[in-house]
Amino acid sequence: MLERSRELVRVADEGGLALVGVQDHPYQHHFFDTWSLIPTLLAETKRISFFTDVASLPLRPPAVMAKAAASLDVLSGGRFELGLGGGALPELIANFGGPRRTPGETVEAIDEAIHVIRLLWSAERSVSFEGKHYRLNDARPGPRPARPIAIWVGAFKPRMIRLVGRKADGWLPSYGVLTRDELRFGNKQIDEAAEKAGRDPSSIRRLINIQGLIGDRPPPRRADLPVGYLAGEPLAGPAGWWVETIAGFVEDGFDTIIFWPVDTSLEQVERLIAEVLPQLASPIPGARGAGEIPLQAPWP
């Protein structure tokens, strides 16, 4: 698994992909620790950036996470972003020693964590914070990130989605956990919450994990995912079909497609680079900003 991940990342780095996402499920016995794997892969690449897809807040204290994220960003020359989540599998998190939080407490904890992390990325000499779940008392920030790190929140329920609009730098859901209609409505909720908070909705990045396969054969099931993690079957089709599908998600309001290959083979990354990426070189109607979609490929 490690050597395959290294080879996939090398090809992605050399092939012009923008980002690599790494899942954070510490309770999965066959996964390496995400915060150990990412620096290893950063050291072996030159250009591509990495992000946690998404960091499990219940098992990662936000103050320590802030320090680790800033350190990775400085050491890699600005190639790290932070995906943050409240824990999609609460039973497994509790089995691993994490807190058992209600949905409301999970939203509170993410809200507080974002505040704590940003305080510890600040230029202040000393910071303090008193929350229900997290506290800082005369804590000393540092090191500062090489440049502002984005915080992308994995949110699926209305309260967390509205929190993205109020406070986060990006929304990072997964197609299959949410339907296309739910994703469109989520973008609308984020826009409304941002405007209510006095923020520009267009400043909030919209990224989406799409599990699938480039090709016509039926996609294999992911044995490493717990039953019920994704509601639908992975998407599958030839390169041209993927271009049309990506354009559809762009029309729904997403600016970044995260290709999640169900077949984690070198062939899939090579086909993504050689067959799909060139067809996305021109602006796609409906895209935010410049209208181009950086493609990304996460794997454990």
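Residues numbered from 1 in each chain as written. Predicted model: local features only at pLDDT ≥ 70, side-chain atom pairs only at ≥ 80, totals over all residues. Heavy atoms only, no water.

## Observations regarding the environment of isoleucine 190
What counts, and what does not: Working definition: helices are DSSP H or I runs of at least four residues, strands are E runs of at least two. Numbering for both runs from the N terminus. By definition in these notes, contact holds between two residues if any of their heavy atoms fall within 4.5 Å.
With respect to the element layout, isoleucine 190 can be found in helix 7 (residues 180-196). Counting along the chain gives 20 residues from isoleucine 190 to glycine 170, while the straight-line C-alpha distance between them is 9.7 Å. If we ignore the near neighbours within four places in the chain, the residues touching isoleucine 190 are Ile161, Val164, Gly165, Trp171, Ile204 and Arg206.

## Structural notes on helix 5 (residues 103-120)
Quick note on the threshold: The span you would expect from a helix comes to 1.5 Å times its residue count less one. Partly exposed describes any residue whose relative accessible area lies between the buried limit of under 20% and the exposed limit of over 50%, with all areas from a 1.4 Å probe on protein chains only and scaled to the type maximum.
End to end, helix 5 covers 26 Å across 18 residues, agreeing with the expected 26 Å (1.5 Å per residue, within 8%). Listed in full, the buried residues belonging to helix 5 are Thr106, Val107, Ala109, Ile110, Glu112, Ala113, Ile114, Val116, Ile117, Leu119 and Leu120.

## What about the confidence of the model for the protein?
The predicted structure's coordinates, where accompanied by low pLDDT, should not be read in detail. Our working rule: The pLDDT value tells you how sure the predictor is about a given residue, anywhere from 0 up to 100.
Across the protein, the average pLDDT comes to 89, with 88% of residues at 70 or higher. Below pLDDT 50 for its whole length, residues 222-231 participates in 31 contacts with residues either more than four positions away or in separate chains. Taken as a whole, residues 283-300 scores under 50 in pLDDT and shows 77 contacts with residues more than four places along the chain or in a different chain.

## Description of the pattern of salt bridges
Note the threshold: Any Lys or Arg side-chain nitrogen located within 4 Å of an Asp or Glu carboxyl oxygen qualifies as a salt bridge.
This model, assessed by the stated rule, comprises 21 salt bridges. Arginine 140 serves as the salt-bridge partner of aspartate 138, at 3.4 Å between the closest nitrogen and oxygen. Accessibility expressed as a relative area gives 39% for aspartate 138, which makes it partly exposed. A relative accessible area of 47% places arginine 140 in the partly exposed class. Among the salt bridges present, the one from aspartate 252 reaches arginine 180, with a minimum N-O distance of 2.5 Å. A residue pair is termed long-range when its members are at least 10 positions apart, and aspartate 252 in the loop between helix 8 (239-251) and strand 11 (256-261) and arginine 180 in helix 7 qualify at 72 residues. Classification of arginine 180 as partly exposed rests on a relative accessible area of 24%. Through salt bridges that share partners, Arg180, Asp181, Arg184 and Asp252 make up one connected network.

## Observations regarding unusual backbone geometry
The omega angle of the peptide bond from aspartate 53 to valine 54 is -5 degrees, so this bond is cis rather than trans. Examined against the element boundaries, valine 54 turns out to sit in the loop between strand 2 (49-52) and strand 3 (55-56). Glycine 142 connects to proline 143 through a cis peptide bond whose omega is 0 degrees. For aspartate 138, which is not a glycine, the phi torsion comes out positive at approximately 55 degrees.

## Remarks on the nonpolar core
How we decide: Definition of nonpolar core: a set of buried residues of the types Ala, Val, Leu, Ile, Met, Phe, Trp, Tyr and Cys, connected through side-chain atoms within 4.5 Å.
Of all hydrophobic cores here, the largest spans 72 residues; its most connected members are Leu82, Leu84, Trp121, Val153, Trp171 and Val276. When residues in this core are grouped by element, the largest group, nine residues, is from helix 5. Beyond its immediate stretch of four places on either side in the chain, leucine 82 contacts Trp35, Thr52, Ala55, Met65, Ile117, Trp121, Ile149, Ala150, Ile151 and Trp152. Counting residues in each nonpolar core, the second largest holds seven residues, with Leu19, Phe51, Trp152 and Leu172 among its members.

## Section: the side chain of aspartate 13
Note the threshold: For this count, His and the chain ends are skipped, Lys and Arg are scored as positive, and Asp and Glu as negative. In the analysis that follows, any N or O atom pair within 3.5 Å is treated as a polar contact, provided that within protein one partner can donate a hydrogen and the other can accept it, and provided that, for residues neighboring in sequence, both atoms belong to side chains.
Mapped onto the elements of the fold, aspartate 13 is located in helix 1 (residues 2-15). Nearest to the buried, unbridged aspartate 13 among oppositely charged side chains is arginine 47, at 4.1 Å. One polar contact links the side chain of aspartate 13 to the main-chain amide nitrogen of lysine 46, over a distance of 2.9 Å. In this view, aspartate 13 contacts Thr45, Lys46, Arg47 and Ile48; residues no more than four positions away in its chain are not counted.

## Regarding a positive patch on the surface
The condition is simple: Grouping into patches uses exposed residues only, defined as over 30% relative accessible area, and leaves out salt-bridged ones; the cut-off is 9 Å for like charges and 5 Å for nonpolar side chains (Val, Leu, Ile, Met, Phe, Trp, Tyr). The Shrake-Rupley method, run with a 1.4 Å probe, gives the accessible areas here. Residue values count only the displayed protein chains as cover. A single reference atom marks each charge: NZ on Lys, CZ on Arg, CG on Asp, CD on Glu.
The grouping of Lys157, Arg159, Arg162 and Lys196 at the surface amounts to a positive patch. Mapped onto the secondary structure, arginine 159 falls in helix 6 (residues 158-167). Taking relative accessible area as the criterion, arginine 159 reaches 45% and is therefore assigned partly exposed.

## Points about the pairing of strand 9 (residues 205-214)
Selection rule: Two strands make a pair as long as DSSP finds a minimum of two bridges between them.
Within strand 9, nine of the ten residues are buried, which leaves the element mostly enclosed by the surrounding structure. Inspection of the sheet shows strand 8 (residues 170-171) paired to strand 9 by two bridges, in the parallel sense. Within strand 9, the position partnered with tryptophan 171 by the bridge is arginine 206. Judged from the six bridges that link them, strand 9 and strand 11 form a sheet pairing that is parallel. Of the residues in strand 11, the one forming a bridge with leucine 207 is threonine 256.

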